[in-house]
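# Examination of the molecular architecture
Listed here are the chains, written in short residue letters.
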Amino acid sequence: MANEANPCPCDIGHRMEYGGQGHEVQIEHIKAYVTKPSINTGRAVVVIQDIFGWQLPNTRYMADMIAANGYTTILPDFFVGQEPWHPSSDWSTFPEWIKTRNAQKVDKPHCPDSLPSVCWAGGPWASPVPQPCSALQGLPTTGVAFLLPREVDVVLKYLKLQCGAQKFGVVGFCWGGVAVHHLMATRAEFRAGVSIYGIVKDSQDVYNLKNPTLFIFAENDAVISLEQVSLLTQKLKDHCKVEYQIKTFSGQTHGFVHRKREDFTPADKPYIEEARRNLVEWLNKYV
């Protein structure tokens, strides 16, 4: 992800050729990739995508890795049908593109950019709004407009009712790392969170975490400076009352945990494997 104050390119890295061990499902108005362990443990993890979207094979690989460690794992399309960023896209348009995909709104109801059938009266996911939403402009108003519910609530409901999950964790990469930070400061139902190279936002409300959170950063991240990491460290020390850990990996760059192939550069392999191991260990300890 790019720094929102000074956007810069975010390298997609090594795109894996990977089919996945799970399957795609439609959950109310959201598509998602779901992958399960061999035995249902009652524990589940929500994985939140980076700017390249929920279908990036690298992120599905990480979801499968988490599932193999005993978690029903779901990777929803938190862009809700909006196009992900493409490596060939014009980076000068990125600031406008990212404005329509706010990582801190994954748990807030919204009106969709396009109007699916579920937005009308009778849709099973509806919550009424006082005024017709903007998606209705120019359309015949023969029905009543509705806001789509919070994506996080839809996903948690599915995990509880369809997968038998009782305990929840959340993991996010890049754009998803920002979303994890936000959720861990606002949603106590997530017993543990892992935010992986998510931009540090300097606002009071993201430092009083509800439950244990692990932050993973890269020393040579062109997107997130070490000064930002230091700011996060100090703010958490001042305000946070739950367990947290901040790890910065020497010599690594943005995206190293899931966008680097561990067999590409031998010197990187120990760091990639350690970060992935830390992720799983944090979930095992707190979920």
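Relevant structure appears above.
Residues numbered from 1 in each chain as written. Predicted model: local features only at pLDDT ≥ 70, side-chain atom pairs only at ≥ 80, totals over all residues. Heavy atoms only, no water.

### Overview of the packing of helix 1 (residues 57–67) against helix 7 (residues 269–286)
- The geometry of helix 1 relative to helix 7 is characterised by a closest axis approach of 11 Å and an angle of 45° between their N-to-C directions. Between helix 1 and helix 7, the interaxial angle falls into the category oblique. In the packing of helix 1 onto helix 7, the handedness of the crossing is right-handed. The segment helix 1 lies against helix 7, with Tyr61, Met62, Met65 and Ile66 engaging Arg276, Leu279, Val280 and Leu283.
- A class-by-class count of the residues in the contact of helix 1 with helix 7 yields seven nonpolar, no polar and one charged. (Axes fitted to C-alpha atoms, helices over the stretch in contact; angles between N-to-C directions. Helix = DSSP H or I, 4+ residues; strand = E, 2+ residues; numbered from the N terminus. Parallel < 35°, antiparallel > 145°, perpendicular 65-115°, else oblique. Left-handed = near helix turned anticlockwise from the far one by under 90°. Contact = heavy atoms within 4.5 Å. Nonpolar A, V, L, I, M, F, W, Y, C, P; charged D, E, K, R; others polar.)

### A look at helix 3 (residues 151–163)
- The end-to-end C-alpha separation of helix 3 is 17 Å, in line with the 18 Å expected for 13 residues at 1.5 Å each.
- Buried within helix 3 we find Glu151, Val152, Val154, Val155, Leu156, Tyr158, Leu159 and Cys163. (Expected span 1.5 Å × (residues − 1). Buried < 20%, exposed > 50% of the residue type's maximum accessible area, 1.4 Å probe, protein only.)

### Focus: empty space enclosed by the protein
- Tallying each qualifying case throughout the model produces one cavity of 30 Å³ or more.
- In this structure, the largest cavity spans a volume of roughly 30 Å³.
- As for the largest cavity, its lining consists of Gln104, Val178, His181, His182, Ile199, Lys201 and Val206.
- Taken together, the residues of the lining of the largest cavity sort by class into three nonpolar, three polar and one charged. (1 Å grid on protein atoms, 1.4 Å probe; cavity = no way out; pocket = protein on both sides within 12 Å on 5 of 7 lines; lining within 4 Å. Points joined across faces, edges and corners; volume = space filled by probe spheres on them.)

### Some points on the sheet that holds strand 4 (residues 72–76)
- Spatially, 1-2-4-3-7-8-9-10 is the arrangement adopted by the eight strands of the open sheet, whose pairing is mixed. Because the sheet does not close on itself, it has two edges, and the strands there are strand 1 (23–27) and strand 10 (244–249). For this sheet, the mean angle separating the axes of adjacent strands, direction not counted, is 20°.
- Taken together, the five bridges between strand 1 and strand 2 (residues 30–35) define a ladder with antiparallel strand orientation. The residue bridging Ile27 from the neighbouring strand is Ile30, located in strand 2.
- Across the face of the sheet, helix 1 comes into contact with strand 1, strand 2, strand 3 (43–48), strand 4 and strand 7 (167–173) while running at roughly 50° to strand 2.
- Strands in contact with helix 3 are strand 1, strand 2, strand 3, strand 4, strand 7 and strand 8 (190–196); relative to strand 4, the strand with the most contacts, it is inclined by about 150°. (Pairing = 2+ DSSP bridges.)

### Considering the side chain of Arg101
- Tracing the sequence through the fold places Arg101 in the loop between helix 2 (94–99) and strand 5 (127–128).
- Residue contacts for Arg101: discarding those within four places in its chain leaves Phe79, Gln82, Glu83 and Trp175.

### Side note on the pattern of salt bridges
- The tally for this structure, following the rule as stated, stands at nine salt bridges.
- Asp153 is the partner of Arg187 in a salt bridge, and the nearest nitrogen-oxygen pair spans 2.5 Å. With Arg187 in the loop between helix 4 (175–186) and strand 8 and Asp153 in helix 3, the pair connects residues that are 34 residues apart, well separated along the chain.
- Using a relative accessible area of 9% as the deciding quantity, one classes Arg187 as buried.
- Look at Asp153 and you get partly exposed, because its relative accessible area is 28%. (Salt bridge = Lys/Arg side-chain N within 4 Å of Asp/Glu carboxyl O.)

### Details of the side chain of Gln252
- Locating Gln252 in the fold gives a position in the loop between strand 10 and helix 6 (256–259).
- On the basis of relative accessible area, Gln252 is assigned to the buried category, the value being 1%.
- With residues up to four places along the chain from it excluded, the contact list for Gln252 reads Ala218, Glu219, Asn220, Asp221, Lys260, Asp268 and Tyr271.

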